[in-house]
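Spelled out, the chains give:
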Amino acid sequence: MSRRLLSALLIAISPALPAQSISTPVTAFADEEPAIQLQGAVELAREAGGEKIGSLSALAWDHDEQILHAVSDEAHLYHFRPLFEEGRLVAVDFLERRRLRDEDGDKLKGDKRDSEGMHLLNGNNGKRGDSELLIAFERKPRIDRFSPDGRQVGEIELPEALSKASHYNAPNHALEAVTWHPDHGVMTLPQRPQDDGHYLFAASGLKWPYAMAPGRDNEVVALETMEDGSLLVMERIYQSGLFGGAIVTFRRGVIDADRLELETLAVIDSRDGWRLDNFEGLARHENGRYFIVSDNDDKASRRTLLYYFSFK
């Protein structure tokens, strides 16, 4: 029996995981919501059942399992269950935390564990137990395939421009974003421009020039495929400290022949009254709605915020 089949069977026959509530409702905006239609905002606890919760850098929604996956930049995989009332996110349950491991079962360590982007495969095909996670890494840039229990089951072959750390301006400016496109398969977008420019890449090697939204220190932190097949890019500016602030920009991208057409859908800015932190994770849910999550960098002064919204 193959390792992948065994993993699927274990997931399918395992009992339901005990849930523990870990969320507190928060007010995300001081007055009104001019940029997006907010449909719930919570802050996640720092621990559950003795397991630390934090440093979340990416999200992925599994419709078949009704699980919201999150991954930290310390190579921990979390399983959450969001709870809704009349279409609004009202709470989040913690199910479990797993450590990401390589194909030999060894924990990811050192520069191999900087997991930053994620996308779910086979999560909406009406079958249970066959989901896979695409996870993108910085420092040792790559995109690998993982089972929901955190075990690596394969890797994605990338063009040399993406797979060598020397092609990035800094080790932590590599791959924070990954998605699956119906026409181009696995796609990724480096966090910041490389020496020869900034490009949206398909794993096949095809690439399209990407023009960052105006803004000092702007970074690409997430990439998602929208219901109509277009791309959703999340860019972020974050400055910590007493006089810091944050800006999150959502942009829709349409591949037209050899061009990438970009349109700004919304901008949320802490200077406009938004309660923001270091938002890095993005996942499409259902009916045109999305989750975003912030990375608290494992600091006591910072919070893990989970927002649920649609575009106006």
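Heads up: the structure comes first, above all this text.
Residues numbered from 1 in each chain as written. Predicted model: local features only at pLDDT ≥ 70, side-chain atom pairs only at ≥ 80, totals over all residues. Heavy atoms only, no water.

Q: What am I meant to see in the overall build of the chain here?
A: Within the chain one finds 2 helices and 24 strands. The C-alpha atoms of the chain give a radius of gyration of 18 Å, which matches the 20 Å a tight globule of 312 residues would have. Considering the chain as a whole, with its 312 residues, one finds that 54% of them fall into the buried category. For the chain, long-range pairs separated by at least 24 residues make up 52% of all intrachain contacts whose partners lie at least 6 apart in sequence. Element-wise, carbon and sulfur atoms account for 46% of the exposed surface of the chain, whose accessible area totals about 14100 Å². In the chain, 37 side chains carry a positive charge and 52 a negative one; their mean positions are 4 Å apart. (Helix = DSSP H or I, 4+ residues; strand = E, 2+ residues; numbered from the N terminus. Rg over C-alpha atoms; globule rule 2.2 N^0.38 Å. Buried < 20%, exposed > 50% of the residue type's maximum accessible area, 1.4 Å probe, protein only. Contact = heavy atoms within 4.5 Å. Areas by Shrake-Rupley, 256 points an atom, 1.4 Å probe, with all protein chains shown as cover. Lys, Arg positive; Asp, Glu negative; His and termini not counted. Charge placed at Lys NZ, Arg CZ, Asp CG, Glu CD.)

Q: Explanation requested: the pairing of strand 9 (residues 88-99) in the structure shown.
A: Relative to strand 9, strand 1 (residues 20-21) runs antiparallel, the two sharing 2 bridges. Its bridge partner being in strand 9, Gln-20 is matched across the sheet by Phe-94. Across 10 bridges, the pairing between strand 8 (residues 76-85) and strand 9 is antiparallel. Paired with Leu-83 across the strands is Ala-91, a residue of strand 9. Linkage of strand 8 to strand 9, two consecutive antiparallel strands, is achieved through a turn of 2 residues, within which Glu-86 is found at a positive phi near 50 degrees. (Pairing = 2+ DSSP bridges.)

Q: Sorry if this is basic, but what is going on with the sheet that holds strand 16 (residues 199-202) here?
A: By way of backbone hydrogen bonds, the strands of a sheet pair with one another, either parallel or antiparallel. The antiparallel open sheet is built from 4 strands, whose spatial order is 14-15-16-17. Two strands lie at the open edges of the sheet, namely strand 14 (175-181) and strand 17 (207-209), each paired on one side alone. Across the sheet, the mean angle separating the axes of adjacent strands is 20 degrees when strand polarity is ignored. Of the pairings in the sheet, the one linking strand 15 (residues 185-190) to strand 16 comprises 2 bridges and is antiparallel in character. Looking at the pairing, Met-187 lines up with Ala-202 of strand 16. (Axes fitted to C-alpha atoms, helices over the stretch in contact; angles between N-to-C directions.)

Q: Help me understand the environment of Ala-203, please; the structure alone is not making it clear to me.
A: Inspection of the secondary structure assignment puts Ala-203 in the loop between strand 16 and strand 17. Along the backbone, Ala-203 and Phe-29 are 174 residues apart, and their C-alpha atoms lie at a distance of 38 Å. When sequence neighbours within four positions are dropped, the list of residues in contact with Ala-203 reads Ile-156, Glu-157, Leu-158, Pro-159 and Val-186.

Q: Can you help me understand the pairing of strand 11 (residues 132-137) in this one?
A: For a regular strand, side chains alternate in direction, first toward one face of the sheet and then toward the other. For strand 11, a buried count of 6 out of 6 residues is recorded, marking the element as mostly surrounded by other parts of the structure. Alternating positions in strand 11 separate into two faces, Glu-132, Leu-134 and Ala-136 on one and Leu-133, Ile-135 and Phe-137 on the other, with burial throughout. As paired strands, strand 10 (residues 115-121) and strand 11 are joined by 6 bridges and run antiparallel to one another. Along strand 11, the bridge assignment pairs His-119 with Leu-134.

Q: How should the pattern of salt bridges be read in this particular structure?
A: Think of it this way: side chains of opposite charge can pair up when their charged atoms draw near. One pass over the full model with this rule turns up 23 salt bridges. Close ionic contact of Arg-271 with Asp-269 constitutes a salt bridge, the shortest N to O distance being 2.7 Å. Of the charged contacts, one joins Asp-297 and Arg-302 as a salt bridge, the two residues approaching to 2.9 Å between their closest N and O atoms. Shared partners join several salt bridges into a network, and the residues in it are Arg-192, Glu-219, Arg-236 and Glu-280. (Salt bridge = Lys/Arg side-chain N within 4 Å of Asp/Glu carboxyl O.)

Q: Would you mind showing me how to read the environment of Ser-21 here?
A: With respect to the helices and strands, the residue Ser-21 is situated in strand 1. Considered as a pair, Ser-21 and Asn-287 are 266 residues apart in the sequence and their alpha carbons are 25 Å apart. Ser-21 has contacts with Val-92 and Asp-93, leaving out every residue within four places of it along the chain.

Q: Sorry, what's going on with the packing of aromatic side chains here?
A: Each pair of aromatic rings is reported with the distance of its centres and the angle of its planes. By the definition in use, this model includes 15 aromatic pairs. Judged by centre distance (6.4 Å) and plane angle (50 degrees), the rings of Phe-84 and Phe-291 are tilted. Separated by 207 residues along the polypeptide, Phe-84 in strand 8 and Phe-291 in strand 23 (residues 289-294) bring together distant segments of the chain. Residue classification places Phe-84 among the partly exposed positions, given a relative accessible area of 31%. Owing to a relative accessible area of 0%, Phe-291 belongs among the buried residues under this scheme. Between Phe-137 and Phe-146, the aromatic rings sit 6.2 Å apart at their centres with planes inclined by 45 degrees, giving tilted as the arrangement. Of the two residues examined, Phe-137 and Phe-146, each falls in the buried class. Aromatic rings pair up to connect Trp-61, Phe-84, Phe-291 and Tyr-308 into one cluster. Between Arg-142 and the ring centre of Phe-137, over which it is positioned, the NZ or CZ distance is 3.8 Å. (Phe/Tyr/Trp six-rings, centres within 6.5 Å; stacked < 30°, edge-to-face > 60°. Lys NZ or Arg CZ within 6 Å of the ring centre and 35° of its normal.)

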